[in-house]
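Each chain, written out:
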Amino acid sequence: MSSSVSVPRLVIAAPSSGSGKTTVATGLMAAFAARGLAVSPHKVGPDYIDPGYHSLATGRLGRNLDAYLCGPELIGPLFAHGSRGCDIAVVEGVMGMYDGAAGEGELASTAHVAKLLRAPVVLVVDASSQSRSVAALVHGFASWDPEVRVGGVILNKVASDRHEELLREALDAAGVPVLGVLRRVAQVDTPSRHLGLVPVAERRGAAVEAVAAMGAQVAEGCDLAALEALARTAGAVPGGSAAWTPEPVPTDHPTRSVEGRGPVVAVAGGSAFTFSYAEHTELLSAAGAEVVTFDPLRDEQLPPDTSGLVIGGGFPEVYAGELAANEPLRKAVSELALSGAPVAAECAGLLYLCRELDGLPMCGVLDASARMSERLTLGYRDAVAVGDSSLAVAGTRMRGHEFHRTVVEPGAGAAPAWGVRAPARRVEGFVQQGVHASYLHTHWASQPGVARRFVERCRTS
């Protein structure tokens, strides 16, 4: 197996969303894994759903590489952390290859991350409505930034042998190798809804079949040997072998209690709460917590001895009826929050803590009402903690991402969690006793102190 600083790697990019990146990236992961390779799966940007499919394809945790949320300086270390012990890494891009954080130039784009990783790019092109023009398109993407190395193309939605012949002729003249061709008739169905693909946790059986089909499609239509050879041309990751670690620096306070057991931190999971970064639970564990997952759709009580609660994102609006019906757990969450125990809630977690969601009763921790909306709220946010909370001290700056179709109408009794500095100045979220609830999804690797502060509050609350 390769060391994390030299692990072969590919970045799968596209001219635009909808070109087939997820199918190709997931299928390539599955195809490499089927050849006996240990594959490290990664996703550019804040997306929580695609990494679930990547995990099915590889048997390893899917991890995000987000240069906005974590900063460019952490991309190499986070990649090294995730790819440790692997033979090859596949990084799925986001949106169009050069599309990044709005108004921030290349920041957080697929091209930016490819440069930070010194990784060759494979461009996935939807060829369904073009022939010779494909060469101009690929030439433009390959030459736009000379620091981005497009090593080949995978043609998607090719109609026929004759169509493939025309495309190959055009790309031969452009000097860009064709590393795969996927036919239009063989597209794999991956159902979507209002916030993207349906998460793996909600359709595990069908998702396993879909990932297997993607792997078979890519193995049949792509030159896996050539793709692996291209991956081996990647340069050394800047930063050398300095992999990110969740462990606190040696000068920090001891992470374990005298009795040898840390506080129990319950983390919501199951079909309703699927949005979570792998590094969050790693940070909590490294800070000394005993992390226990529970399912708010099925479990009627919190795990025994719960001292703190983390409720991430997901789709509570889809499961509002079932969440409302689990009255014993709603009561347990409310009692824990009212006791002053630390509670960290993001987006879906915020909705779950409200008094009601679309008229159905939720936990009632916050005097606020939530409802579905036609308007999509989407984008990166630059935020600063307004006051002290179980997560952060006042003035702590973090970057977040908002992605929802709901509206929360607050009542009284809670202070805001964040002052959002960009794109527009406003306050957001709730801080109430030990509760920190907000729409912002944050990546704690950028501020590992928040996990340590949370666990310490769990010890002392």
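Use the structure listed above.
Residues numbered from 1 in each chain as written. Predicted model: local features only at pLDDT ≥ 70, side-chain atom pairs only at ≥ 80, totals over all residues. Heavy atoms only, no water.

A. The arrangement of the pattern of salt bridges in detail. Considering all chains together, one arrives at 20 salt bridges under this definition. Taking the shortest distance from any N to any O, the salt bridge between Glu279 and Arg63 comes out at 3.1 Å. Of the two residues, Glu279 sits in helix H9 (residues 278–286) while Arg63 sits in strand E3 (residues 63–65), which places them 216 residues apart along the sequence. Look at Glu279 and you get buried, because its relative accessible area is 1%. Among the residues examined, Arg63 registers a relative accessible area of 9% and is labelled buried. The salt bridge involving Glu282 is made with Arg63; its shortest N-O contact spans 2.6 Å. Placement of Glu282 in helix H9 and of Arg63 in strand E3 is noted, with a sequence separation of 219 residues between them. Like Glu282, the residue Arg63 is buried in the burial classification. (Salt bridge = Lys/Arg side-chain N within 4 Å of Asp/Glu carboxyl O. Helix = DSSP H or I, 4+ residues; strand = E, 2+ residues; numbered from the N terminus. Buried < 20%, exposed > 50% of the residue type's maximum accessible area, 1.4 Å probe, protein only.)

B. Region of the structure containing the packing of helix H5 (residues 133–144) against helix H6 (residues 161–174). Contact pair H5 / H6: the axes reach a minimum separation of 8 Å and the direction vectors enclose 40°. If you check the angle between H5 and H6, you find them oblique. H5 and H6 meet at a crossing whose hand is right-handed. Across the interface between the two elements, Val134, Ala135 and Val138 from H5 touch Leu167, Ala170, Leu171 and Ala174 from H6. (Axes fitted to C-alpha atoms, helices over the stretch in contact; angles between N-to-C directions. Parallel < 35°, antiparallel > 145°, perpendicular 65-115°, else oblique. Left-handed = near helix turned anticlockwise from the far one by under 90°. Contact = heavy atoms within 4.5 Å.)

C. Local environment of the environment of Ala289. One can find Ala289 in the loop between H9 and strand E11 (290–294). Placed 42 residues apart in sequence, Ala289 and Glu247 show a C-alpha to C-alpha distance of 12 Å.

D. Molecular detail of the sheet that holds strand E10 (residues 264–268). If you walk across this open sheet you meet the six strands as E11-E10-E12-E13-E21-E20, and the pairing is mixed. Each edge of the open sheet carries a strand with a single partner, namely E11 and strand E20 (430–432). In this sheet, neighbouring strand axes are inclined to one another by 15° on average, regardless of whether the strands run parallel or antiparallel. Strand direction decides the pairing type here: E10 and strand E12 (residues 306–311), joined by four bridges, are parallel. Bridge pairing links Val265 to Gly308 in E12. Packing of helix H13 (residues 449–460) onto the sheet brings it into contact with E10, E12 and strand E13 (343–346), and relative to E12 it is tilted by some 145°. (Pairing = 2+ DSSP bridges.)

E. Highlighting unusual backbone geometry. Unusually for a residue other than glycine, Met95 sits at a positive phi of about 50°. Mapped onto the elements of the fold, Met95 is located in the loop between strand E4 (88–92) and helix H4 (110–117). Residue classification places Met95 among the partly exposed positions, given a relative accessible area of 36%. Residues other than glycine seldom take positive phi values, yet Cys347 does so here, at roughly 55°. Of note, Cys347 is situated in the loop between E13 and helix H12 (348–353). Here Cys347 falls in the buried class, since its relative accessible area comes to 6%.

F. View of H5. In a regular helix each residue adds 1.5 Å, so twelve residues correspond to 16 Å; H5 covers 17 Å between its end C-alpha atoms and thus fits that length. Among all positions in H5, only Val134, Ala135, Val138 and Phe141 are buried. The buried residues of H5 occupy an angular sector of 135° when projected down its axis, which confines them to one face. Set apart from the buried face of H5 by more than 90 degrees, the exposed residues are Ala136 and Trp144. Of the surrounding secondary structure, the elements contacted by the buried residues of H5 are strand E5 (121–126), strand E6 (150–158) and H6. (Expected span 1.5 Å × (residues − 1). Arc of directions from axis to C-beta.)

G. Inspection of the nonpolar core at higher detail. By size, the foremost hydrophobic cluster in this structure holds 106 residues, and its most contacted members are Phe32, Leu155, Leu227 and Leu284. Looking at which element gives the most residues to this core, the answer is helix H1 (residues 21–34), with seven residues. (Core = buried A, V, L, I, M, F, W, Y, C linked by side-chain atoms within 4.5 Å.)

H. Quick look at the packing of aromatic side chains. Tallying each qualifying case throughout the model produces seven aromatic pairs. Between Tyr48 and Phe275, the ring centres sit 4.9 Å apart and the planes meet at 5°, which makes this aromatic pair stacked. Taken together, the residues span a long stretch of sequence, with Tyr48 in the loop between strand E2 (39–44) and helix H2 (50–58) and Phe275 in the loop between E10 and H9 at a distance of 227 residues. Its relative accessible area of 8% is what places Phe275 among the buried residues. Measuring from centroid to centroid gives 4.3 Å for Tyr68 and Tyr380, while their planes differ by 25°, and the two rings are stacked. Note that Tyr68 is positioned in the loop between E3 and helix H3 (75–83) and Tyr380 in strand E16 (residues 368–385), a separation of 312 residues in sequence. Like Tyr380, Tyr68 is buried. (Phe/Tyr/Trp six-rings, centres within 6.5 Å; stacked < 30°, edge-to-face > 60°.)

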